[in-house]
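Now for the letters of each chain:
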Amino acid sequence: MMDRRRGLGRYGLSLLRFWSVSLAAQMEYQLNLIIEVVASIATLAGGLFTLSLFYAHGQRLGGWSWEEALVVLGLSTFLDGFSSTLLRPNLGELVKQVQNGSLDFVLLKPIDSQFWVSLRNWSPWGMPEMALGFGLVLVGLVRSGARPGPGGVLAALLLWACGVAILYSLWFILAATSIWFVKVWNATEVLRSLVGVGRYPISAYPPALRLLFTAVVPIAFLTNVPAEALLGRTTPFWCAASAGLALVALICSRLLWRMALRHYTSASS
Amino acid sequence: MNHQRSPAPEPTTRPLQRIPMRRSPLRIARTLLVSQYALMVEFRAEIVLWALSGVMPLLMYAVWSGAPAGAAAGVNPQQFARYFLAALVARQFTVVWVIYAFEEDNLLGRLSPLLLQPLPLAWRYWAAHLAEQATRLPLVAAMVLLFVAAVPAAAPPLDPMRLLLALLALHLGFCLNFLMQYAITMLCFWNERVSALERLQAIPQLFLSGLLAPLELFPEPLRAVALHTPFPAIIYLPAQLAAGGPIAIGPAFLNLFGWLALLLPLNLLLWRAGVRRYAALGA
C-alpha cells in the first residue's frame, strides 16, 4: 500500500491499526476477561489486607496515614495494570523476537523500530487493574481530605506521566539488553519484584534502602512522588527532579536502542 | 552413567540373552536427577536472576522492622529478622513452575515422546525441580550469609530438632505446592491455556502463605481460616520452625498431611483421565 502520509499522522494511524488488530486477537480468549477481573480484585484485596496489617493498632507507617497510603497502593496497582497492558505484551515479545530472529523483519519495516517494538501489541487484560488502581487513588484522596487545587492536579498528572515514562524506560532498557544477552526474561521479573517496593511509602523503609530506591533504582518516582503531589505536599524540587529523570531515562532508552541495533547481528550470525 | 550395553547379536548358537528388564527405582532416580541437574546448570545465569526476584521477604523485613504495628503486636525486631530470613529460604525451595514447563511441552508437541516412556511424567518434572533447587543452593547460601552479616540478629537459633523438622516441612511444603500446581496442570489435557487458572491459585498463596507477614499478625477469624488452607504449609510452617517462633507444630503438620492425602489421589485421578483423553486427541 502506498500511504504517502508523513510524520505523526502516519504513526497515529499505525497505532490505531496495531491496537485494533491485537484487540481482535485477544478477543479470542474471552474467558480471560473474567479470570483477569477476578485476579485483579483478589490482588487488590490482598494488597489492602497486607497494608491494613501495618495499621492494625492505629499507627502510622513511615509517617503516612492509612488513607494516604491508599493513594500509594492505588498508584502502584495502576502501574501493575499498565505493565500488563503495554509493557509485558511488547517488551516481553521483544526478548522472544531476538531469540527466534524475527526482529529482522521488524527492522526492515519503514517505521521507527523502537515505536514498533514498544507499542505493537496491546492487551486489554490489564485494564481492570488500571481502573481499580485509579479508583483506589480517588478513594484515598477523598477520604484523606486532600483538596489539591487545579495547579496541584496538573502537577500530579505530570508526575504521574513521568512515573509511567520512567517505568517504561526501565523495562525497555532491560528488554533491549536481550540483543547482547539473549535471555533476559528473568531480568524483567527482578524488575517486577522491585516495583513491588512502591506499594508502600518509601519513608517506611530504613534510610539506606530509601536512598537506594530514590537515587539508584528510582522506584520512589513511580508511586511516592506522584502521591505526594496528589496529597498537595510536593515541592518544586521533586517536580523538577521527576521531570528531569523521566527525560534522561527516555533519552537513555533511545541511545541504548541505537547502540543495541549497531551490535545486532541477527539470529544465525 | 549407563555402563550396561545391550548385548550385540553374537554369531554363536547360544540363545540370545535377554536384557534384564527389572530396573531398580534407585538407578532411575539417580539417572533422572543427574541428567536434570546437568540441564539446569546450563541455565544457571537465569536461575541467579530468578532467585534474585525472590527477595520479597527481605523487603518485607525492611518495612516490618521499622513499623510500629509490629512492636504493638508483640513481635520484636529479632523475631522479624529470623522469620523473614527463614521465609526467604523457604520461598527459594518451594517455588514450583511445572505448569509452565508442561504447557510449553504440550504446545510444542514434545509431550508425545515423553508420554511413551515407561515412567509417569510427574517424576521427570519433580526431578527437574529438585535439580533446580540444587543449582540454587550455593546462591541461597550466599544470600543467607550476606543477610546474617548485615543483620546478625537474623541468625536462626541452633535447635537441631527444630531445624530438622523445618527441613522436613520445607520439602513436604514443596511437595504440597507441586501437587497443587500439578493438579491444575493436568487440566492442560482439556484446555491448552490453564496457566491463567494457576494465577488464581497463586494470589491467595502469596497473601496467605506468610510470605508478606507472619500469620500471628493476622486478625483472628482470618488467621484461623488461613491456617486451614494449604498455603501456610509452604512458607509459614518451615519458616517459623527454623526461626524458633511460636507455632502449634502438631496441628500445622496435621493440616499439611491432610492436604497431601487429598491431593495425591486427586492427581492420580486427573492424570489417568487426562492421559486417556490425550490418546483420544492424538488418534
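In this report, we go over the structure that sits alongside the text. Just so it is clear, the structure is predicted and the values come from calculations on it, not from any experiment. (Residues numbered from 1 in each chain as written. Chains lettered and ligands numbered in written order. Predicted model: local features only at pLDDT ≥ 70, side-chain atom pairs only at ≥ 80, totals over all residues. Heavy atoms only, no water.)

1. Brief notes about the overall build of chain A
Within chain A one finds 12 helices and 0 strands. Starting at the N terminus and walking to the C terminus, you meet the elements of chain A as α-α-α-α-α-α-α-α-α-α-α-α. Each principal axis of the C-alpha atoms in chain A carries an extent, and together these give about 60 × 40 × 35 Å. Here chain A holds 269 residues, and the buried ones make up 49% of them. Computed over 20 positive and 12 negative side-chain charges, the inter-centroid distance for chain A is 7 Å. (Helix = DSSP H or I, 4+ residues; strand = E, 2+ residues; numbered from the N terminus. Buried < 20%, exposed > 50% of the residue type's maximum accessible area, 1.4 Å probe, protein only. Lys, Arg positive; Asp, Glu negative; His and termini not counted. Charge placed at Lys NZ, Arg CZ, Asp CG, Glu CD.)

2. Considerations on the overall build of chain B
When helices and strands are counted, chain B shows 13 helices and 0 strands. Starting at the N terminus and ending at the C terminus, chain B contains elements arranged as α-α-α-α-α-α-α-α-α-α-α-α-α. Seen through its principal axes, chain B has C-alpha atoms that stretch 85 × 40 × 35 Å. Taken over 283 residues, chain B has a buried fraction of 45%. Of all intrachain contacts in chain B linking residues separated by at least 6 positions in sequence, the fraction that spans at least 24 positions is 78%. By element, 69% of the accessible surface of chain B is carried by carbon and sulfur atoms, the whole surface being about 15000 Å². Here chain B contributes 20 positively and 12 negatively charged side chains, and the mean placements of these two sets differ by 10 Å. (Contact = heavy atoms within 4.5 Å. Areas by Shrake-Rupley, 256 points an atom, 1.4 Å probe, with all protein chains shown as cover.)

3. Description of the environment of Leu 159 of chain A
All names here are of chain A. One can find Leu 159 in helix 7 (residues 150–176). Since its relative accessible area comes to 0%, Leu 159 is described here as buried. Once the C-alpha coordinates of Leu 159 and Thr 223 are considered, the two residues, 64 residues apart in sequence, prove to be 9.2 Å apart. With sequence-adjacent residues up to four places away left out, Leu 159 is seen in contact with Val 225, Pro 226, Ala 229, Thr 234, Trp 238, Cys 239 and Ser 242.

4. Comments concerning the interface of chain B and chain A
On the side of chain A, 31 residues touch chain B, which itself brings 28 residues to the contact. Here chain B and chain A share an interface that buries about 2700 Å² over both sides, 75% of which is from carbon and sulfur atoms. Taken as a group, Leu 59, Val 63 and Phe 207 of chain B account for 19% of the area that chain B buries against chain A, more than any other trio of residues on that side. At the surface where chain B touches chain A, the tally comes to 1 salt bridge. At the boundary of chain B with chain A, the tally comes to 1 residue pair in polar contact (both at pLDDT 80 or more). (Buried area = accessible area lost by both parts, 1.4 Å probe. Salt bridge = Lys/Arg side-chain N within 4 Å of Asp/Glu carboxyl O. Polar contact = N/O pair within 3.5 Å; in protein donor to acceptor, adjacent residues only side chain to side chain.)

5. Quick notes on the pattern of salt bridges
Residues and elements named next belong to chain A. Tallying each qualifying case throughout the model produces 11 salt bridges over all chains. The shortest N-O distance in the salt bridge between Arg 233 and Glu 228 comes to 3.1 Å. Three or more residues are tied together by salt bridges with common partners; here these are Glu 68, Glu 228 and Arg 233.

6. A look at a nonpolar patch on the surface
Residues and elements named next belong to chain A. Together, Leu 31, Leu 33, Ile 34, Val 37, Val 38 and Ile 41 line one region of the surface with nonpolar side chains, adding up to about 520 Å² of accessible area. Its location among the elements puts Ile 34 in helix 2 (residues 31–53). Overall, the relative accessible area of 53% leaves Ile 34 in the exposed class. (Patch = residues over 30% accessible without salt bridge, like charges linked within 9 Å, V, L, I, M, F, W, Y side chains within 5 Å.)

7. Topic: the packing of aromatic side chains
All names here are of chain A. Using the criterion set out here, one finds 27 aromatic pairs over all chains in the structure. A centroid spacing of 5.4 Å and a plane angle of 65° characterise the contact between Phe 172 and Trp 257, whose relative ring orientation is edge-to-face. A residue pair is termed long-range when its members are at least 10 positions apart, and Phe 172 in helix 7 and Trp 257 in helix 12 (residues 236–263) qualify at 85 residues. Judged by relative accessible area, which is 2%, Trp 257 ranks as buried. (Phe/Tyr/Trp six-rings, centres within 6.5 Å; stacked < 30°, edge-to-face > 60°.)

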